[in-house]
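Each chain, letter by letter, is given below.
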Amino acid sequence: MLEHVYEYAGGVSTGPSILHADLDAFYASVEQLLEPALRGRPVAVGGSARGGVVLAASYEAKVHGVAGGMPGWRAAQLCPGLTFVRGSFHRYQAIADEVMQILGDVTPLVQRISIDEAFLDVAGSTHLFGPPAAIGTLIRDRVRAEVGLPISVGAARTKHLAKVASQVAKPDGLVVVEPEAERDFLDPLPVGLLWGVGSVTERRLAERGIHTVGDLARTERSAMERYLGRATGGTLHALAHNEDPRRVVTSTRARSVGAQSALGRRRATPELVREVLSHLAERVAGRLRAKGRAGRTVTVRVRFPAMRSVTRSHTLGAPVSATLTITEVAERLAWQALHDEGEREVTLLGISVSNLARQEVIQLELPLPPPDPWRPGSPTGAARWAVDRSVDAVRDRFGRSAVGYLPAALGRGAGVPEEFRELAEREL
C-alpha cells in the first residue's frame, strides 16, 4: 500500500519523540498472513452470512462498510464477496508478542495498551537510530519483514497526538507531527478522532456545530463542560489543545482486573442482572486466579440510557477471587445503584476488582459465628475457592465451554467468543 509520511515544517526534529504503533486490522491481517489465498480479499473474522457477530474486518472489507460488532448477515449484504473465517485465537497473542519484541529493540520505554498497539518514548534512541521519522520507518520495515504484518505509526510530542497521528496514517503508513505544526495538523481533523469521542458524543457535538478538532478548540471550556459534563468536557477541551501530560510508563503490574458488557437498552430484571454479572464475574475471577491474585474491593459500573454512568464499590475484609463471591457482591452493588438512581433500564454493566494481593493458597479459619461466606477462609469461602480451582483445571484441559456456572453458561449465546474476550481483556 501507499506509504504516506508527513514531515510537517520540513525540518528534522527530535521533538515528536512519542510514537504510537498500531497493527492494521490485526485479527484479519493475521488470517491473511496465515492463509495466503485470503490476501487482497475482503475478510471478516467471526460471524457468518446467516448471523453471528463480526469481530474484525480487513481493510478490503472495511471499504464496503463492514466493521467489528456488525451482524454477519449485514456484513454479507454490504460486501457480497466477503469471506468469513472463524479466527485463529491460539495464534494472535504469540504473533502480537513478536511485534512487541521488535518495539523493545528500539527502546526500553514501551507501554503496551492492548494486544496490537503500544506507545514508545524514543527520546533516548535518536542517537542510535536517527530522528523519530527514521525510527518509525525502521519499525514498520522490521515488522513487515520479520512478522509479515502491516503496522501504522504516529509520532508527536504527546501520547494523545501520537495516537491521532497513527489513525491518520492508516492503513500501513507513518505520520510525524512536528511541534510547530500541531495546530495545522489537528484543526481540520474530524472530532471523532479524539481519544474518548464515541458516536454518541460525536452526535452531541455535531448538534452544536462542532465537527472538527478546530471547532472544539475554539469553543470555551465552560461551554464544553455544560454540553458534556465537567470531566468529559474538560478533558476533550484539553485534548483539542494537545494538552496531555501523560508519559510513557512501562510498569505492567495491574492495579485492577475488570470486564464489562454493553447491553443495548434492556430492562433491569433480576434474571438479566444475575446472568450478566455472573458472566462478568467468571471472566474477572478466572483472570485473577490465573495470576495467583485476589482483590479486596469490588466495583460495579452501571450505565443508564443517555450515557449516564454510576459506580458503587464495596471493600471486603480479605482479598477474594471466588466467582460466586464476586457475583454476589456485584449483584448487591448493582441493585443499590439502580435503587439510588431510580432507574429501570440499563445499557451496560461492568465489574472490576482492585486492592490486589497474592493468593496462591487459602488459609482456613475456625468456623466461629457469625458465619461469613464472603471470607475466603470460611468453610463456604474455602469450598467456593476449591470448586473454582477445579473448574479452572477442567477448562485448561477441555476448553471454557466444558464446565461453568449455570447463569453465565445460559447467557453466553452465540455472541462474541470467550477466546476473543480474553484476548481483549488480558493483562499485558
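Notes on the structure follow. Residue indices follow the written sequence of each chain, beginning from 1 at its first position. It should be noted that, the model being predicted, local features are given only for residues of pLDDT at least 70 and side-chain atom pairs only at 80 or more, the latter also being counted only at that level, while totals for whole chains, interfaces and linings use all residues. In computing side-chain values, all of the structure's heavy atoms are included and hydrogens and water are not.

1. Some details on the overall build of the protein chain
We apply this condition: We count a stretch as a helix when DSSP gives it H or I for four or more residues in a row; a strand needs E for two or more, and each element gets its number in order from the N terminus. Throughout, the radius of gyration refers to the C-alpha atoms, and the reference size of a globule is 2.2 Å times the residue count to the power 0.38. Buried means the residue's accessible area, taken with a 1.4 Å probe over protein chains only, is under 20% of the maximum for its type, while exposed means over 50%, and partly exposed covers the values in between. Note on definitions: a residue-residue contact is assigned when non-hydrogen atoms from the two residues lie within 4.5 Å.
A count of helical and extended segments in the protein chain gives 17 helices and 13 strands. Its C-alpha atoms give the protein chain a radius of gyration of 23 Å, near enough to 22 Å, the size a compact globule of 428 residues would have. Each of the three principal axes of the protein chain carries a C-alpha extent, and together these read 75 × 55 × 50 Å. Sorting the 428 residues of the protein chain into buried and exposed places 48% on the buried side. Restricting the contact set of the protein chain to residue pairs at least 6 apart, pairs at least 24 apart contribute 66%.

2. Details of the sheet that holds strand β10 (residues 256-267)
Selection rule: Pairing between two strands requires that DSSP report at least two bridges joining them. Working convention: axes come from line fits to C-alpha atoms, limited for helices to the stretch in contact. Angles between N-to-C directions cover 0 to 180 degrees.
Sheet architecture is open: four strands sit in the order β10-β13-β11-β12, paired in antiparallel fashion. The open sheet has two edge strands with one neighbour each: β10 and β12 (308-320). The sheet shows a mean angle of 15° between the axes of neighbouring strands, direction not considered. Relative to strand β13 (residues 345-358), strand β11 (residues 293-304) runs antiparallel, the two being bridged by 10 bridges. For R303, the partnering residue across the bridge sits in β13 and is L348. In the packing of helix α13 (residues 270-290) onto the sheet, the strands contacted are β10, β11, β12 and β13, and the crossing angle to β10 comes to about 160°. Its contacts with the sheet place helix α14 (residues 323-341) against β11, β12 and β13, and it is angled at close to 145° to β12.

3. Some thoughts on the packing of α13 against α14
Cut-off, in case you're wondering: When describing relative orientation, an angle under 35 degrees is termed roughly parallel and one over 145 degrees roughly antiparallel, while 65 to 115 degrees is termed roughly perpendicular and anything else oblique. The handedness criterion is simple: a crossing whose near helix is rotated anticlockwise from the far helix by less than a right angle is left-handed, and one whose near helix is rotated clockwise is right-handed. For this scheme, ten residues count as nonpolar: Ala, Val, Leu, Ile, Met, Phe, Trp, Tyr, Cys and Pro. Four count as charged, namely Asp, Glu, Lys and Arg, and the remainder, Gly too, count as polar.
At their nearest, the axes of α13 and α14 sit 8 Å apart, and the two run at 135° to each other. As summarised for this structure, α13 and α14 are arranged oblique, according to the angle between their axes. Where α13 crosses over α14, the handedness of that crossing is right-handed. Within the contact between the two elements, α13 uses P270, V273, R274, L277, S278, A281, E282, A285, L288 and R289 and α14 uses T323, L324, I326, T327, A330, E331, A334 and W335. Tallied by class, the residues present in the contact of α13 with α14 amount to 11 nonpolar, three polar and four charged.

4. Considerations on the packing of aromatic side chains
By convention here, two paired aromatic rings are described through the distance between centres and the angle between planes. What counts, and what does not: Stacked, tilted and edge-to-face pairs are distinguished by plane angle, under 30 degrees for stacked and over 60 for edge-to-face with tilted covering the rest, among Phe, Tyr and Trp rings (Trp via its six-membered ring) whose centres lie within 6.5 Å. Sitting over a ring, as applied to charges here, requires NZ of Lys or CZ of Arg to be within 6 Å of the ring centre and within 35 degrees of the ring normal.
Enumeration according to the criterion identifies five aromatic pairs in this entry. Ring geometry for F89 against Y92: centres 5.7 Å apart, planes inclined by 85°, an arrangement best described as edge-to-face. Linking F89 with Y92, this pair stays in helix α4 (residues 89-106), spanning three residues, or about one helical turn. Cluster of aromatic residues (ring-pair linked, three or more members): F26, Y27, F89 and Y92. Geometry around F119 places K159 over its ring, the cationic atom sitting 4.9 Å from the centre. The cationic tip of K163 hangs over the ring face of W195; the distance from NZ or CZ to the ring centre is 5.5 Å.

5. Side note on empty space enclosed by the protein
Applied cut-off: Only protein atoms enter the 1 Å grid, on which a cavity is a set of points fitting a 1.4 Å probe that cannot get out and a pocket is an open set with protein on both sides within 12 Å along at least 5 of 7 lines, lining residues being those with an atom within 4 Å of a point. Grid points are joined across faces, edges and corners, and a volume is the space filled by probe spheres set on the points.
Counted by the stated rule, this structure contains two cavities of 30 Å³ or more. Volume-wise, the largest cavity comes out at about 50 Å³. Lining the largest cavity, in full, are V320, S321, A322, T325, P373, W374, P376, G381 and W385. Residue classes in the lining of the largest cavity are distributed as six nonpolar, three polar and no charged. Its volume calculated, the second largest cavity comes out at about 40 Å³. Around the second largest cavity sit E282, R289, T323, D388, V391, R395 and Y405, which together line it. Among the secondary structure elements, those contributing two or more residues to the lining of the second largest cavity are α13 and α15 (379-398).

6. Notes on the sheet that holds strand β4 (residues 56-57)
Strands sit in the order β4-β3-β5 across an open sheet of three strands; the sheet is mixed. In the strand order of this sheet, the two ends are held by β4 and β5 (83-85), each with one partner. The pairing of strand β3 (residues 43-45) with β5 spans three bridges and is parallel. Residue pairing in the sheet places V43 in a bridge with T83 of β5. Against the sheet, helix α1 (residues 26-34) touches β3, β4 and β5, its axis set at about 115° to β3.

7. Some details on the environment of V85
Secondary-structure assignment places V85 in strand β5. For V85, a relative accessible area of 16% gives the class buried. In this structure V85 touches E31, L38, V43, A44, V45 and G46, once residues within four positions along its chain are discounted.

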